[in-house]
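Summary of the model geometry
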Amino acid sequence: MSEITVKELIRSKEEKRILTGKISGIEDEYYKIKNEIIPCAIVWYEDTKVLIPATHLGISKINKSMIRGMLGAEIDFIVIDIDTISNIAIASRRDAMQLRAELELPKLKVNDAVRVRILAVGIKHILVELYGKEVIIKAENLQHTYIVNCKDYYIPGQYLKVRIKDIDIQKNIFELSAKDFISNPYTNIRKYITEDGEYTGKVIAFPKNNSGVIVQLDKTNITCLVRVPARFNSYPHYFDNVLIKITEIKENKKMIYGYLVRII
């Protein structure tokens, strides 16, 4: 453990200074404060292994699966114990989050543009940290176009620029949007497609609340809700190449409708 690293870790412990690192592993360790063996996230701070017990990660469920979802994420932590002989430190992300929230959240207001850290990625949402507060951003607030799987676009550890659409610290309301900083492909959509035009694409999803399939048009990330006429004996499968006919374009609602002409 280098002298500089020791000083930084000691200052973090004594002065409650926030340090930062990436989660790179998981270990089961004996945690003397709790007097039990619990899973810990591993963060390397220079040449020092920092163990953050699941009880101090600030997560809703204390298990390895929750930590696995955060692998690669950059997090804040405050040191609560140091062993210079074994070159190991124990730290708390929860304490760092509370301190960060107290200092930074009151400064934020609606329409502010901020950078957030991506902590974990699900199918239809991502989990980010907004100055000590964990916030879920749903797929519809990430991009203007339909997202089948957020894992195709985002990974833990990335930074994302977002706009604050709504915030009420007392009521625990935090609404963020990333698509404000992405060009809207629907603005000039009629330059590329028109009603009654026929276009090729690929089936990418089967919406639960609508009949039909979602087709992504070739050479673009634009999608279309496609009706399957009764003359088809069966629905197309995932990733089938199809020819569709556009029946309606609603730029304001970011919706395009059509029907299936044939499976290619």
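Just above sits the structure.
Because the structure is a prediction, the values reported are computed rather than measured.

1. What about the pairing of strand S12 (residues 213-217)?
Here S12 lies mainly inside the structure; 4 of its 5 residues are buried. Bridging between strand S11 (residues 198-205) and S12 involves 4 bridges; their strand directions are antiparallel. Residue pairing in the sheet places alanine 205 in a bridge with isoleucine 214 of S12. In the sheet, S12 pairs with strand S13 (residues 223-227) via 4 bridges, with the strands oriented antiparallel. Paired with glutamine 216 across the bridge in S13 is threonine 223.

2. Quick look at the environment of glutamate 27
With respect to the helices, strands and loops of the structure, glutamate 27 is situated in strand S1 (residues 19-31). Sequence separation between glutamate 27 and proline 53 is 26 residues, and the spatial gap between their C-alpha atoms is 9.2 Å. A distance of 2.9 Å separates a polar atom in the side chain of glutamate 27 from a polar atom in the side chain of lysine 49.

3. Comments concerning the sheet that holds S12
Taking strand neighbours around the barrel as the criterion, the 5 strands line up as S11-S12-S13-S15-S14 in a closed arrangement whose pairing is mixed. Each neighbouring strand pair of the sheet contributes to a mean axis angle of 55 degrees, computed without reference to strand direction. The pairing of strand S14 (residues 241-250) with strand S15 (residues 255-263) spans 8 bridges and is antiparallel. Looking at the pairing, leucine 243 lines up with arginine 262 of S15.

4. Brief notes about the pairing of strand S8 (residues 133-138)
Walk down a regular strand and you will see the side chains alternate between the two sheet faces. Sheet topology note: the strand S7 (residues 125-130)/S8 ladder contains 6 bridges and is antiparallel. Residue pairing in the sheet places histidine 125 in a bridge with lysine 138 of S8. Two successive antiparallel strands, S7 and S8, enclose a turn made up of 2 residues, where tyrosine 131 displays a positive phi of approximately 45 degrees.

5. Quick look at unusual backbone geometry
Non-glycine residue aspartate 196 carries a positive phi angle of around 75 degrees. Secondary-structure assignment places aspartate 196 in the loop between strand S10 (173-177) and S11. Owing to a relative accessible area of 57%, aspartate 196 belongs among the exposed residues under this scheme. At lysine 219, a residue that is not glycine, the phi angle is positive and equals roughly 65 degrees. Within the fold, lysine 219 resides in the loop between S12 and S13. For lysine 219, a relative accessible area of 90% translates into the label exposed.

Basis of the calculations
- Residues numbered from 1 in each chain as written.
- Predicted model: local features only at pLDDT ≥ 70, side-chain atom pairs only at ≥ 80, totals over all residues.
- Heavy atoms only, no water.
- Buried < 20%, exposed > 50% of the residue type's maximum accessible area, 1.4 Å probe, protein only.
- Helix = DSSP H or I, 4+ residues; strand = E, 2+ residues; numbered from the N terminus.
- Pairing = 2+ DSSP bridges.
- Polar contact = N/O pair within 3.5 Å; in protein donor to acceptor, adjacent residues only side chain to side chain.
- Axes fitted to C-alpha atoms, helices over the stretch in contact; angles between N-to-C directions.

Limitation: the analysis is restricted to geometry and does not speak to function.
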